Amino acid sequence: MTDLTLLLESFRRNARVNDTLIAALTPEEFALTDGRGGWTVERHLRHMAGFRVGWLWNMSRDHASPLLNPDELDADGDPQWRWANAPATSLPEALAAGDAAALAAVEAHRASGEPFADPWGEGTYQSDPAHFLMHTIVHDSHHRGQVLSLIRQGGRTPEQMDALDAHWAIWRE
């Protein structure tokens, strides 16, 4: 098996960057949008957290279960994500729980040699389940960029935007 030390450290750093960004947001900034029908800051962050459970629900349902509320079902009869209606302040908890579930799924499937399920034929990291962690990092990075753009457009000064650059130091440790 391939050594995942660097990838796991990167995954942990990605979580710290997410937490740093969320902690820097004002309550008003969660509602910012581009004014042209695009997502709000909060929707980007919810999507980032929901990405984990969405993929796990399709690939490794046992690992998705802790992220779901079996008492609330969606239109398809599937259990709802536990944080679907939670306040934005709970998103760091949702991201942390999703990260833990993703790590557990990757570790279990790598240890067993069993690939992730692929019910829709989309491709579910068949070459190595660890690619799910890399996809999560890239996906989060994309949406963090969208969030930073929205808060800049929402009125943050260049100096305030520069202050957010501290989260980049996490990648350079």
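Within an unreviewed UniProt entry, the label attached to the chain reads Damage-inducible protein DinB, and the organism entered is Deinococcus indicus.

Colleague: Honestly, the overall build of the chain in this entry has me stumped. Any pointers?
Modeller: Along the backbone of the chain there are 7 helices and 2 strands. From first element to last, N terminus to C terminus, the chain shows the α and β order α-α-α-β-β-α-α-α-α. Computed over the C-alpha atoms, the radius of gyration of the chain is 17 Å, within 12% of the 16 Å expected from 2.2 N^0.38 for a compact globule of 173 residues. Projected onto its principal axes, the C-alpha positions of the chain cover 50 × 40 × 25 Å. Residues counted as buried form 42% of the 173 residues belonging to the chain. Within the chain, counting contacts between residues at least 6 apart in sequence, those at least 24 apart form 64% of the total. Entry remark: accessible area of the chain is about 9300 Å², with carbon and sulfur atoms responsible for 55%. Positive and negative side-chain charges in the chain, numbering 14 and 25 respectively, have mean positions lying 5 Å apart.

Colleague: I keep staring at the pattern of salt bridges and nothing clicks. Help me out?
Modeller: Pairing between side chains becomes possible if they bear opposite charge and their charged atoms approach one another. Inspection of every chain in the model, using the stated rule, returns 8 salt bridges. Note that Arg-156 is salt-bridged to Glu-29, the shortest N-O span being 2.6 Å. Of the two residues, Arg-156 is situated in the loop between helix 5 (131-153) and helix 6 (158-163) and Glu-29 in the loop between helix 1 (5-24) and helix 2 (41-59); the sequence distance between them amounts to 127 residues. By sharing partners, the salt bridges in this structure join Glu-9, Arg-12 and Arg-13 into a single network.

Colleague: How should I be thinking about the packing of aromatic side chains in this particular structure?
Modeller: The description of an aromatic ring pair rests on the distance of the ring centres and on the angle between the ring planes. On inspection of all chains with the given rule, the structure shows 6 aromatic pairs. An aromatic cluster of at least three residues, connected via ring pairs, comprises Phe-51, Trp-55, Phe-116, Tyr-125 and Phe-132. Stacked on the ring of Trp-57, the Lys or Arg Arg-61 has its end atom at 3.7 Å from the ring centre.

Colleague: Help me understand the nonpolar core in this model?
Modeller: The nonpolar side chains of soluble globular proteins are, as a tendency, buried together. Among the nonpolar cores identified, the biggest contains 44 residues, and Val-41, Leu-45, Leu-56, Trp-81, Phe-132 and Ile-151 are the most heavily contacted of them. Elements that contribute at least two residues to this core include exactly helix 1, helix 2, helix 4 (91-112) and helix 5. For this core, the element with the highest residue contribution is helix 2, accounting for 10 residues. The contacts of Ile-151, once residues within four sequence positions are left out, are Leu-25, Glu-29, Leu-32, Val-41, Arg-156, Met-161 and Leu-164.

Colleague: Just checking my understanding: could you explain helix 5 for this structure?
Modeller: Residue pairs three or four apart in sequence face the same way in an α-helix, which turns once every 3.6 residues. Look at helix 5: 33 Å from first C-alpha to last across 23 residues, which is about the 33 Å you get at 1.5 Å a residue. Following helix 5 by one or two positions, Gly-155 has its phi on the positive side, about 120°.

Colleague: What am I meant to see in the UniProt feature "binding site: a divalent metal cation" (unreviewed entry) in the chain here?
Modeller: The residues that UniProt annotates with the feature "binding site: a divalent metal cation" (unreviewed entry) are His-47, His-139 and His-143. In sequence the annotated residues extend across 97 residues, while in space they remain close, none of their C-alpha pairs exceeding 9.8 Å. On the basis of relative accessibility, which here comes to 29%, the residue His-47 falls in the partly exposed class. Dropping the residues within four chain positions of it, His-47 is found in contact with Trp-39, His-139 and His-143. Within the element layout of this structure, His-139 appears in helix 5. Those residues in contact with His-139 that lie beyond four places of it in its chain are His-47, Met-48 and Phe-51. A polar atom in the side chain of His-139 sits 2.9 Å from the side chain of His-47.

What counts and how
- Residues numbered from 1 in each chain as written.
- Predicted model: local features only at pLDDT ≥ 70, side-chain atom pairs only at ≥ 80, totals over all residues.
- Heavy atoms only, no water.
- Helix = DSSP H or I, 4+ residues; strand = E, 2+ residues; numbered from the N terminus.
- Rg over C-alpha atoms; globule rule 2.2 N^0.38 Å.
- Buried < 20%, exposed > 50% of the residue type's maximum accessible area, 1.4 Å probe, protein only.
- Contact = heavy atoms within 4.5 Å.
- Areas by Shrake-Rupley, 256 points an atom, 1.4 Å probe, with all protein chains shown as cover.
- Lys, Arg positive; Asp, Glu negative; His and termini not counted.
- Charge placed at Lys NZ, Arg CZ, Asp CG, Glu CD.
- Salt bridge = Lys/Arg side-chain N within 4 Å of Asp/Glu carboxyl O.
- Phe/Tyr/Trp six-rings, centres within 6.5 Å; stacked < 30°, edge-to-face > 60°.
- Lys NZ or Arg CZ within 6 Å of the ring centre and 35° of its normal.
- Core = buried A, V, L, I, M, F, W, Y, C linked by side-chain atoms within 4.5 Å.
- Expected span 1.5 Å × (residues − 1).
- UniProt positions renumbered as here; feature names shortened; annotations may be inferred.
- Polar contact = N/O pair within 3.5 Å; in protein donor to acceptor, adjacent residues only side chain to side chain.

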